[in-house]
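# Structural overview for review
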Amino acid sequence: MGRGKLRIYLGAAPGVGKTYAMLSEAHRRVERGTDCVVGFVEHHGRSRTEVMLHGLEQVPRRELEYRGSLFPEMDVDAVLRRAPAVALVDELAHTNVPGSRNAKRWQDVEELLAAGIDVVSTVNIQHLESLGDVVESITGIRQRETVPDEVVRRADQIELVDMSPQALRRRMAHGNIYQPDKIDAALSNYFRPGNLTALRELALLWVADRVDEYLNEYRSQHQVSAIWGSRERIVVGLTGGPEGRTLIRRAARLAEKGAGGEVMAVYIARSDGLTSASPKELAVQRALVEDLGGTFHHVVGDDVPAALLDFARGVNATQIVLGSSRRKAWQYVFGPGVGATVARESGPDLDVHIVTHEEVAKGRGLPVARGARLGRTRILAGWLVGVLGPVVLALLLNTVALGLANDMLLFLALTVAAALLGGLLPALASAAFGSLLLNYYYTPPLHRLTIADPRNIVAIAIFVAVAVSVASVVDLAARRTHQAARLRAESEILSFLAGSVLRGETSLEALLERVRETFGMESAALLERESDVAPWTCAGSVGPGAPVGRPEDADVDVPAGDHMALALSGRVLPASDRRVLAAFAAQAAVVLDRQRLQKEAEQARTLAEGNRIRTALLAAVSHDLRTPLASIKASVTSLRSDDVEWSDEDRAELLAAIEEGADRLDHLVGNLLDMSRLQTGTVTPLIREIDVDEVVPMALGGVPEAGVELDIPETLPMVAVDAGLLERTVANLVENAVKYSPLGSSVLVAASALADRVEVRVVDRGPGVPDEAKERIFEPFQRYGDAPRGAGVGLGLAVARGFAEAMGGTLNAEDTPGGGLTMVLTLRAVNGAHRPVRVAEPERQTT
């Protein structure tokens, strides 16, 4: 039985209709006679989705007990025994309850696929593992439930379920997504128009890239060489001249006219090295194209038009932008030029734009390249002239008597022509063959290979010497030209490599990609090992089928250090290329070392920051520790004094002062220890599932006397936190709110559920905090405004945020409508973990 097929409905946010679309597809398949069952679908109380489950066979779920609660999960074994043709499995990124068959639901899906069952599933864009940081920067929430991108990319079909932010917010307002008590909080937080628009863009771009991969894969499998203009990709051909900037800007304007347009600037270094490229100008043009959102590519090619067209077809480009030729009119005798050749050879699938500029017909400044080495055609012509030429010349001279001197000059001219065309060997053959013909036909005695006159011997010897000398000079010049061309090409590549060092490019993958492009290889990898006998490991690779096992498995391998090697696959490189490749290998080793040094430097900075915090702690606590200690000591001394007879009221007051000082001291020392633990990374939370309304009231026990209102619904889902850390966090937040609240006003502690999280809000009516200071108040030793010296060392909020982040949550400050400050503590809700709903309605209680 073959592997099943996976179809995924991808959405930008909850509520766009992924589950509804999946169930609609299931009904269509059932109507066509397909055996389709529901493995696990959660309707989340949405009536329209729940109705769609009617008429579909549902495999009974498996109830798992965890920490005293029952949680429903998909019964993988039951689905496998049922063996349907298609199984519906909702929420691909879901984390299974401990004790389940697999840790993640996508692993359950993999088992079904391996058993030959087709699976239809759903996932939101924010649950893709590679987009975690991006989604967090947009929404401020770190997604804890993720699915590897490769799992989604391997899907046979991916269908985007799209909805505009305005329509989604209308659905939310109409109560089609969340319960009425959660709508306002959702609309003002996660479902803000900016958040939804950014998430929608992420989903569209991700699907577009996946479609592009499908297209390239199809073209490769079916050997489609023609360009399909599915997306505007514009290749800009650069010569290194000043007109490049004009071409790049023109290409950028063309790309802006179509959605998803890309600009790729490419500089092709000719192997002869005789180009007018300016490294400085190329660096400027590289920076320009990257600023405009394009990419810069540097490749080597003997035939510039062919290399440019190969590059354009390789990236499935639709347009090529070239500049009008800078050659003068007389230089066109050497050929039509790159622009005309590319336009002629591009075919109907590539549009070629010839852009005018200020440098048209002003000359290139260097001679036109003639070739770095003698080509095969040229060598063949040299042999024809060197071997057949003397025979033809002898036949012609037999009809005309010009004298021995003229005959020798003609044969010498033929030898020089053979040397100019084919180099040394054809010239030597021409000299040898020509001297024999001169001796046989034109030196007495005729028609014999003997010479009677000694002067003729000298003439023939001079003839041979001159022919060999000219041939040697021509051959030496060709070799020197070839060497100069190689050095010029190498210097351009090394100049680019040195420029990357100066620009601070530290990405190993980017450098390996440059190696692959420069030498025209399929893949490249940097391998390393700890010792001569240790196995090789891959530090970085690019391209399909990169050699990640051993350097010997690659087509080309170059040592990059004592225990490093640069391995390339695709073709065998000539020995002359290994010198430049060795420079790339050395640079790859340097880049890898730099990346590791940066990580070590970051760790050192963290340690230095910890030392700074500890030093500041010692400097800050001197007064704050001394004040309660002095109060305690004075009270104890007074009580122990025999000179004064204290009344019961005075004794009670002194004992209260001792208790208050001890409490302040305990609170201060606790915050100091907590901050030290946070800075050293030794806070290890014990995460378990708890109810918020059981922990928050306990946090109010040590709060100074002030009005505190609680608004915590009993129907909230359970949260995965450390109960002790949560209690300390809420206590610090409430204490801070009470400290800055005006007399007579109360502090509100409210909690609400929103999507997959629970928010605890501590609201005060104090003076508030400006936007520019909202992040600064969470730093250690920050006392906002005119807080007195005895108000603490300013660690309460820093410790609260540290504990919140240690539990996987967030803590941020917002303005309270009407004035004041609201601390928003976001905690991760446990999916499906709800307590039984009690009959009594939640009430506000005052502490």
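These numbers were taken from a predicted model, which means no experiment stands behind them. Throughout, residues of each chain are indexed from 1 in the direction in which the sequence is written. Only residues with pLDDT of at least 70 get local features here, since the model is predicted, and only at 80 or more are side-chain atom pairs given and counted; chain-wide, interface and lining totals rely on the full set of residues. The side-chain quantities take in all heavy atoms of the structure and omit both hydrogens and water.

## A word on the confidence of the model for the protein chain
Per-residue confidence from the predictor is reported as pLDDT, a score between 0 and 100. Overall, the predicted model of the protein chain reaches an average pLDDT of 77, with 77% of residues at or above 70. The secondary-structure element of the protein chain with the lowest mean pLDDT is strand E25 (residues 845-846), recorded at 40, while strand E6 (residues 86-89) shows the highest, at 94. Only heavy atoms enter the contact rule, under which two residues are in contact if any of them lie within 4.5 Å. The model gives residues 786-791 a pLDDT under 50, and that stretch makes 9 contacts with residues more than four places away or in other chains. In this model residues 833-847 is a low-confidence stretch, pLDDT under 50, and it forms 33 contacts with partners more than four residues away in sequence or in other chains. A helix here means a DSSP run of H or I that spans at least four residues, while a strand means a run of E at least two residues long, and both kinds are numbered starting from the N terminus.

## A look at the packing of helix H12 (residues 304-314) against helix H13 (residues 338-345)
At a closest axis distance of 9 Å, the pairing of H12 and H13 adopts a crossing angle of 45°. By the angle between their axes, H12 is oblique relative to H13. Handedness of the H12/H13 crossing: right-handed. Judged by residue contacts, Val304, Pro305, Leu308, Leu309 and Arg313 of H12 engage Val338, Thr341, Val342 and Glu345 from H13. Among the residues making up the contact of H12 with H13, the classes are represented as 6 nonpolar, 1 polar and 2 charged. Simply put, an axis is a line fit to the C-alpha atoms, just over the touching stretch for a helix, and the angle between two N-to-C directions goes from 0 to 180 degrees. In what follows, roughly perpendicular refers to angles from 65 to 115 degrees, roughly parallel to angles under 35, roughly antiparallel to angles over 145, and oblique to any angle outside these ranges. Each crossing is labelled by how the near helix is turned from the far one, with a counterclockwise turn of less than a right angle marking it left-handed and a clockwise turn marking it right-handed. Think of it as three bins: nonpolar holds Ala, Val, Leu, Ile, Met, Phe, Trp, Tyr, Cys and Pro, charged holds Asp, Glu, Lys and Arg, and polar takes everything else, Gly as well.

## Some remarks on empty space enclosed by the protein
As defined here, a cavity is a set of points on a 1 Å grid over the protein atoms alone where a 1.4 Å probe fits but cannot get out. A pocket is an open set with protein on both sides within 12 Å along at least five of seven lines, and residues line them when an atom is within 4 Å of a point. Grid points are joined across faces, edges and corners, and a volume is the space filled by probe spheres set on the points. In the structure shown here, the tally under the stated rule is 2 cavities of 30 Å³ or more. Volume-wise, the largest cavity comes out at about 60 Å³. Taken together, Ala12, Ala13, Val16, Val161, Asp162, Met163, Ser164, Pro165, Leu168, Leu196 and Arg200 form the lining of the largest cavity. Broken down by secondary-structure element, the contributors of at least two residues to the lining of the largest cavity are helix H7 (165-173) and helix H9 (193-221). Split by residue class, the lining of the largest cavity holds 8 nonpolar, 1 polar and 2 charged.

## Notes on the nonpolar core
By nonpolar core is meant a set of buried Ala, Val, Leu, Ile, Met, Phe, Trp, Tyr and Cys residues that side-chain atoms within 4.5 Å join together. Each residue is placed in one exposure class: buried if its accessible area under a 1.4 Å probe, protein chains only, is under 20% of its type's maximum, exposed if it is over 50%, and partly exposed if it falls in between. Counting 62 residues, the largest nonpolar core has Leu88, Leu92, Leu112, Ile125, Val147, Val152 and Trp206 as its most contacted members. Take this core: its biggest share by element is 6 residues, from H9. With residues up to four places along the chain from it excluded, the contact list for leucine 92 reads Ile8, Arg105, Trp106, Val109, Ser121, Thr122, Val123, Val147, Val151 and Val152. Val695, Val730, Ala737 and Ala800 belong to the second largest nonpolar core, which has 44 residues in total.

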